[in-house]
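Examination of the molecular architecture
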Amino acid sequence: MIDNKTLVIGGLVIAILIGVVAVFLASGDPDGMESTALIIQGQKSLIGPTPPDAEIQENLEGKFAYSAPMPDYSLGEGLGSTGGILAIVGGTVLAFLVAIGLVYALKIAGKKNPPDGIL
Amino acid sequence: MHIPDAFIPIWQGAIYWIIALVFVYLSLRWAKNELNEEKLPLVAVLAAGIFALQSFNLPVSMGTSGHLVGGALVAIVLGSPFAAVFILTLVLIVQGIMFGDGGITTMGANILNMGVVGGFVGFYSFKGLKAATGSMPVSAFIAAWLACFIPAICASVELWLAGTFPLEMGMIAMGLYHAVIGVIEGVITVGAIYLIMNVRPDMVDQGVLPAKAGAVA
């Protein structure tokens, strides 16, 4: 048994370590869905390697487009792996804080409303 | 298996969003009613851990990589499929809005696949297998494999309906890659359950612990 403080600090340290290691060791190959798209577009075979110049052709007609502030867990070419580490650590801490914030918000909302309230 | 905006037309994305929101609502209700504040540290740590694990693309040969989903792990440890919907939804929101990993209009589909299907498949297959075999690691491994494989098949059907993938090739490729990724998902899930069980047996759902584990705590 460890106490809550150790659980939170230990858990965050493990999560951040996984994220930092990922910046250096994560595979650059496309994921399962991207690979499938490349097969369908004739750029890759089912079990063959992915050619380095393979690129998914997207049909954007009738689709929504959004530019995320830190696409691909990167802060841009200039910052390289430092940017990658900052992005992943930031995202990990953000996921942690959103979870805490959301649970507190639900509990506070719960105290204001009677048990048969909206949530 | 995060579906980007470019893979599904907006109107179809809206349909998945509506279905997903029903489950998100139920998961918020679960969090409010079932989640006591003593479990909050574990929930927050799991959210951080799932985010980090999902950013780690592991090589699975065949020119492809894959990362863990985590739906089975969360549902098993916290003892409810809605735990997976709750945590996967907030992780997918952070990933989609901040990092462009998974689309905005397709976030509903991603919540549906990884959170809802992954969580329900992971939780109920674990429960059934644990009752049948009595073995936590065997049950958790198979449940985690299924919770990776079946959402991938769901995604291939959604992408077929969207006109992005042909049905057969999409299912073969998505199925094959995620069958391999699922093995890693199974191993990590079992390892993570053992770790959490050892450090905080009091926070782990009773369904995970062996019958005589009362003495461990």
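Residues numbered from 1 in each chain as written. Chains lettered and ligands numbered in written order. Predicted model: local features only at pLDDT ≥ 70, side-chain atom pairs only at ≥ 80, totals over all residues.

1. Considering the overall build of chain B
Along the backbone of chain B there are seven helices and two strands. What you see in chain B, going N to C, is helices and strands ordered as α-α-β-β-α-α-α-α-α. In summary, chain B has a C-alpha radius of gyration of 17 Å against a globular reference of 17 Å for 217 residues, a match within 12%. The principal-axis extent of the C-alpha atoms belonging to chain B is close to 55 × 35 × 30 Å. Scored against the burial criterion, the 217 residues of chain B give a buried share of 63%. Here the analysis covers contacts within chain B between residues at least 6 apart in sequence; of these, 71% occur between residues at least 24 apart. (Helix = DSSP H or I, 4+ residues; strand = E, 2+ residues; numbered from the N terminus. Rg over C-alpha atoms; globule rule 2.2 N^0.38 Å. Buried ≥ 20, exposed ≤ 12 C-beta atoms within 10 Å, placed from the backbone. Contact = placed C-beta atoms within 7 Å.)

2. Remarks on unusual backbone geometry
The backbone of Tyr73(A) sits at a positive phi, close to 55 degrees, despite the residue not being glycine. Along the chain, the position of Tyr73(A) falls in the loop between helix H2 (32-40) and helix H3 (80-112). One non-glycine residue, Met62(B), lies in positive phi territory at about 55 degrees. Topologically, Met62(B) is positioned in the loop between strand E1 (58-59) and strand E2 (65-66).

3. So, the confidence of the model for chain B
Residues of chain B with pLDDT of at least 70 account for 97%, and the chain-wide mean is 94. Under a pLDDT of 50 for its full length, residues 213-217 of chain B has, in the predicted model, four contacts with residues more than four places off or in other chains. (pLDDT = per-residue confidence, 0-100.)

4. Comments concerning helix H5 (residues 107-133) of chain B
Helical geometry: 3.6 residues make up each α-helical turn, so side chains three or four residues apart lie on a common side. Residues and elements named next belong to chain B. With 27 residues, H5 should cover 39 Å at 1.5 Å per step; its first-to-last C-alpha distance of 36 Å lies within 8% of that length. In the structure, H5 departs most strongly from a straight axis at Gly 118, where the bend amounts to approximately 30 degrees. Among the 27 residues of H5, 19 are classified as buried, and the element is accordingly described as predominantly covered. Immediately beyond the C-terminal end of H5, within one or two residues, lies Gly 134, with a positive phi of roughly 75 degrees. (Expected span 1.5 Å × (residues − 1). Bend = angle between axes of the 7 residues up to and from the residue.)

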